[in-house]
Amino acid sequence: MADSFDDECDYLFKAILIGDSAVGKSNLLTRFAKDHFRLDSKPTIGVEFAYRNIKIGDKIIKAQIWDTAGQERFRAITSSYYRGARGALLVYDITRRQTFNSLAKWLKEIREFGDSDMAIALVGNKTDLGHAREVSEEEGRSLAENEGLCFMETSALENLNVEEAFLQLITRIHKVTSKKNLEAKANQVKTSTPSAGNSILHLDEVSATKQTGGCRCSR
Ligand code: GTP
Ligand code: MG
């Protein structure tokens with residue numbers, strides 16, 4: 001894949017999807033990127049990714065989302081998922097308490113491999129299965145508050161809050177990055193060469209497509 005950075009984008013952000021197997025990570029991503037949902041989706045092997053352009057204020061952000069395997073045996077080198085990632089969507093299944101209990105393990109991994117200022121959004125998926133709920137919304141929200149995370153319950157199947165969850169994460173990344181940029185500018189020596197206009201961040205390990213508003217999954 002020989003992609004180059006999209007000139008029309010102001011920022012390129014990499015974010016990762018993590019959480020136990022079968023919580024709905026892949027379907028959340030295909031819902032967000034392509035508005036697709038599959039009841040018979042297969043477990044992810046290794047990593048897959050998708051892009052989508054988003055406008056925040058007057059900036060166009062290309063979000064590159066990496067979808068990782070929940071199953072340990074399909075996970076490749078964990079540190080490579082985290083390299084350059086500005087945010088993580090940490091997903092559990094509201095109908096399986098075990099996936100909620102695993103969050104401590106995932107948070108430990110994020111803190112071990114991710115940047116200290118990584119934006120994290122906690123997502124309780126499958127709200128359409130309310131009759132089988134094992135984790136209350138309050139429990140999810142309270143954990144998120146204690147850990148300083150954004151929080152949202154979603155249904156990839158019903159397309160409920162999916163867009164909102166990703167946008168919340170990307171907005172948080174944008175805020176952190178803008179703050180960092182301002183701080184860097186404040187410290188910059190006056191003689192340094194100005195850039196050509198656009199701020200392009202985290203290009204290591206990242207490539208992008210020439211599209212506006214669209215999206216693409218690479219498999
Ligand atoms: P791994 O790739 O193994 O880590 O799993 P995953 O987290 O990517 O899960 P995936 O998206 O493949 O979904 C697992 C199963 O849950 C599939 O049968 C999906 O159709 C189903 N699923 C995903 N999201 C929802 C949802 O919002 N509601 C319901 N009812 N089912 C969902
Ligand atoms: Mg998957």
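Quick notes on the rules
Residues numbered from 1 in each chain as written. Chains lettered and ligands numbered in written order. Predicted model: local features only at pLDDT ≥ 70, side-chain atom pairs only at ≥ 80, totals over all residues. Heavy atoms only, no water. Phe/Tyr/Trp six-rings, centres within 6.5 Å; stacked < 30°, edge-to-face > 60°. Buried < 20%, exposed > 50% of the residue type's maximum accessible area, 1.4 Å probe, protein only. Helix = DSSP H or I, 4+ residues; strand = E, 2+ residues; numbered from the N terminus. Expected span 1.5 Å × (residues − 1). Axes fitted to C-alpha atoms, helices over the stretch in contact; angles between N-to-C directions. Parallel < 35°, antiparallel > 145°, perpendicular 65-115°, else oblique. Contact = heavy atoms within 4.5 Å. Nonpolar A, V, L, I, M, F, W, Y, C, P; charged D, E, K, R; others polar. Donors = N, O, S within 2.8 Å, 3.2 Å for Na, K, Ca; no water.

Quick question: what am I supposed to make of the packing of aromatic side chains here?
By convention here, two paired aromatic rings are described through the distance between centres and the angle between planes. A complete count under the given rule lists 6 aromatic pairs for this structure. For the pair Phe-49 and Tyr-51, a centre-to-centre distance of 6.1 Å together with 90 degrees between the ring planes defines the contact as edge-to-face. The residues Phe-49 and Tyr-51 share a single accessibility class, namely buried. An angle of 70 degrees between the planes, with centres 5.0 Å apart, marks the rings of Tyr-92 and Phe-100 as edge-to-face. Residue Tyr-92 is classed as buried on the basis of its relative accessible area, which comes to 0%.

I tried to follow helix α6 (residues 162-187) on my own but got confused; where do I start?
In an α-helix there are 3.6 residues to a turn, and that puts residues three or four apart on one side. Helix length check: α6 (26 residues) gives 38 Å between terminal C-alpha atoms against 38 Å at 1.5 Å per residue, within 8%. By the burial criterion, the buried members of α6 are Val-162, Ala-165, Phe-166, Leu-169, Ile-170, Ile-173, His-174 and Thr-177.

How should I be thinking about the packing of helix α1 (residues 25-34) against α6 in this particular structure?
Any two packed helices are characterised by how steeply their axes cross, that is the angle between the axes, and by the distance between the axes. Across the interface, α1 lies against α6 with an axial gap of 9 Å and an inter-helix angle of 90 degrees. As the angle between them shows, α1 and α6 are arranged roughly perpendicular. Contact residues: Leu-28, Leu-29, Arg-31 and Phe-32 in α1; Val-162, Glu-163, Phe-166 and Ile-170 in α6. Looking at the contact of α1 with α6 residue by residue, the class counts come to 6 nonpolar, no polar and 2 charged.

Hey, could you run me through the environment of Ala-165 in this one?
Its place among the elements puts Ala-165 in helix α6. Each C-alpha atom, one on Ala-165 and one on Ala-121, is 7.4 Å from the other, the two residues being 44 residues apart in sequence. Excluding residues within four positions of it along the chain, Ala-165 makes contact with Leu-89, Val-123, Met-152 and Thr-154.

I'm lost on the coordination of the magnesium ion (ligand 2) in this one. Help?
Each angle at a metal carrying four tetrahedral donors should ideally be 109.5 degrees, and each at a metal carrying six octahedral donors should ideally be 90 or 180 degrees. Here the magnesium ion (ligand 2) is held by Ser-26 (OG) and Thr-44 (OG1), and the distances to it run 2.0 to 2.1 Å. One end of the pair, Ser-26, is in helix α1; the other, Thr-44, is in the loop between α1 and β2 (47-56), and 18 residues separate them in sequence.

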